[in-house]
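Below, each chain spelled out in residue letters.
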Amino acid sequence: MRTAFIGLGNMGSGMVASLARAGREVVAFDISAEALEGARSAGCETATSAAAAVAGADVVITMLPAARHVSQVWREAVIPNSGPDALLIDCSTIDVDTTRALGEAAQSAGRLAADAPVSGGIAGARDGTLAFMVGCGEEHFARVEAALSPMARAVIRAGDLGAGQAAKICNNMILAVSMLGVCEAFALAEKLSLDPERFFEIASKSSGQCWSLTNYCPWPGPVPSAPSNRDYHGGFLTSLMAKDLRLSQEAASRTGASTPLGAQALALYALFEGLGYGQRDFSAVLQLLRGRLADLA
Ligand code: NAD
């Protein structure tokens, strides 16, 4: 299976390495020469343009920053240059409307399209343990799953085209709200002179237990692998969380869904990003709530 892969950044670089490790033939493209060099060392062939990468590919995967990049690459390179039997999969996180519009453009050109945004971050991309949330027709899912499986610990069909993006933004809204809840609890525990390690031990075995607490604990110490122990470097960037919350709030406003906590989460993450902390892990918002931003210098 020949896979063209466009977008070799934090996520795409690990994803192509996982595909190459599994013996897939990968033709990679990025506008960054450094990213291309990385893909070559990971065992991929590289192309000089997106159009050249997709020609002759059975599967085309894009992993780009935002909707405008995906629209441009799909409309100018992927749809016109891919073969009639190619399967086109966008794994970026973008809005549902753009996904559906691009899918329809692909289908009218006779191509099969799917959306498959991911959860699992840079480590999941590197280790081939991402969770893919797929939007595609049921009859095409087996083909999409086979294309993604070397990069995945789970490939789950959310529904038809666009449903993967819908699942992704709803999931990340839970994540943002739960992280803020955990951060507020640690900030209050501190004011109440509770020992944070002891509080973690209790909450992680009580009804406050959640992924934000036990996998990404914002208080340094209790979870050694959490970004809080690396001065909040690595992990899931605040700027990406703010981006995903913007997507969920735009969707809520368009559909009339009531998401007051999502709106508050966006306000806090946008503020934190505006203060210059967009490149820190999103759990660093604890230091904003503690009034200890100076500790992040
Ligand atoms: P990134 O900015 O690190 O990488 C994007 C890559 O796309 C860059 O290498 C850039 O040079 C390349 N690019 C931009 N325009 C291009 C074009 N026209 N042609 C070819 N290449 C182009 O971003 P990332 O962290 O890898 O994230 C990619 C997507 O995955 C985003 O939509 C993000 O929201 C989503 N995502 C990221 C994470 C994460 O933890 N980083 C987790 C889940 C989902």
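Located above this text is the structure these notes cover.
So, how was this worked out
Residues numbered from 1 in each chain as written. Predicted model: local features only at pLDDT ≥ 70, side-chain atom pairs only at ≥ 80, totals over all residues. Heavy atoms only, no water. Near = heavy atom within 4 Å. Polar contact = N/O pair within 3.5 Å; in protein donor to acceptor, adjacent residues only side chain to side chain. Areas by Shrake-Rupley, 256 points an atom, 1.4 Å probe, with all protein chains shown as cover. Nonpolar A, V, L, I, M, F, W, Y, C, P; charged D, E, K, R; others polar. Domains from an automatic or database assignment. Salt bridge = Lys/Arg side-chain N within 4 Å of Asp/Glu carboxyl O. Helix = DSSP H or I, 4+ residues; strand = E, 2+ residues; numbered from the N terminus. Buried < 20%, exposed > 50% of the residue type's maximum accessible area, 1.4 Å probe, protein only.

Student: Run through the site of the ligand, naming residues and quoting values.
Tutor: With respect to spatial proximity, 22 residues lie near the ligand, and among them Asn 10, Met 11, Asp 30, Pro 65 and Lys 243 are the closest. The side chain of Asp 30 places a nitrogen or oxygen atom 2.7 Å from an oxygen atom of the ligand. At 3.0 Å from an oxygen atom of the ligand is found a main-chain nitrogen or oxygen belonging to Leu 64. Taken by itself the ligand offers 840 Å² of open surface, and the protein chains cover 85% of this. Across the shell around the ligand, the residue classes break down as 12 nonpolar, 7 polar and 3 charged. Each of domain 1 (2–161) and domain 2 (169–296) gives at least three residues to the shell around the ligand.

Student: Describe in detail the pattern of salt bridges, supporting the description with residues and values.
Tutor: Pairing of side chains with opposite charge becomes possible as their charged atoms draw close. Inspection of the entire model under this criterion finds 11 salt bridges. Among the salt bridges present, the one from Glu 37 reaches Arg 40, with a minimum N-O distance of 3.1 Å. Here Glu 37 and its partner Arg 40 are both found in helix H2 (residues 33–41), 3 residues apart, which amounts to about one turn of the helix. The exposure class assigned to Glu 37 is partly exposed, which follows from its relative accessible area of 43%. Assessed through its relative accessible area of 41%, Arg 40 is described here as partly exposed. A salt bridge links Arg 280 to Asp 231; the nearest nitrogen and oxygen atoms lie 3.7 Å apart. Highlighted residues: Arg 280 in the loop between helix H12 (260–277) and helix H13 (285–289) and Asp 231 in the loop between helix H10 (211–214) and helix H11 (238–255), separated in sequence by 49 residues. Via salt bridges that share partners, Arg 2, Glu 25 and Glu 45 belong to a single interconnected network.

Student: So, unusual backbone geometry: which residues are in play, and what are the values?
Tutor: Trans is the prevailing form of peptide bonds, just as negative phi is the prevailing case for residues other than glycine. Phi angles above zero are rare outside glycine, and Asp 231 is one such case at about 55°. Of note in this structure, Tyr 232 is not a glycine but carries a positive phi near 65°. Secondary-structure assignment places Tyr 232 in the loop between H10 and H11.

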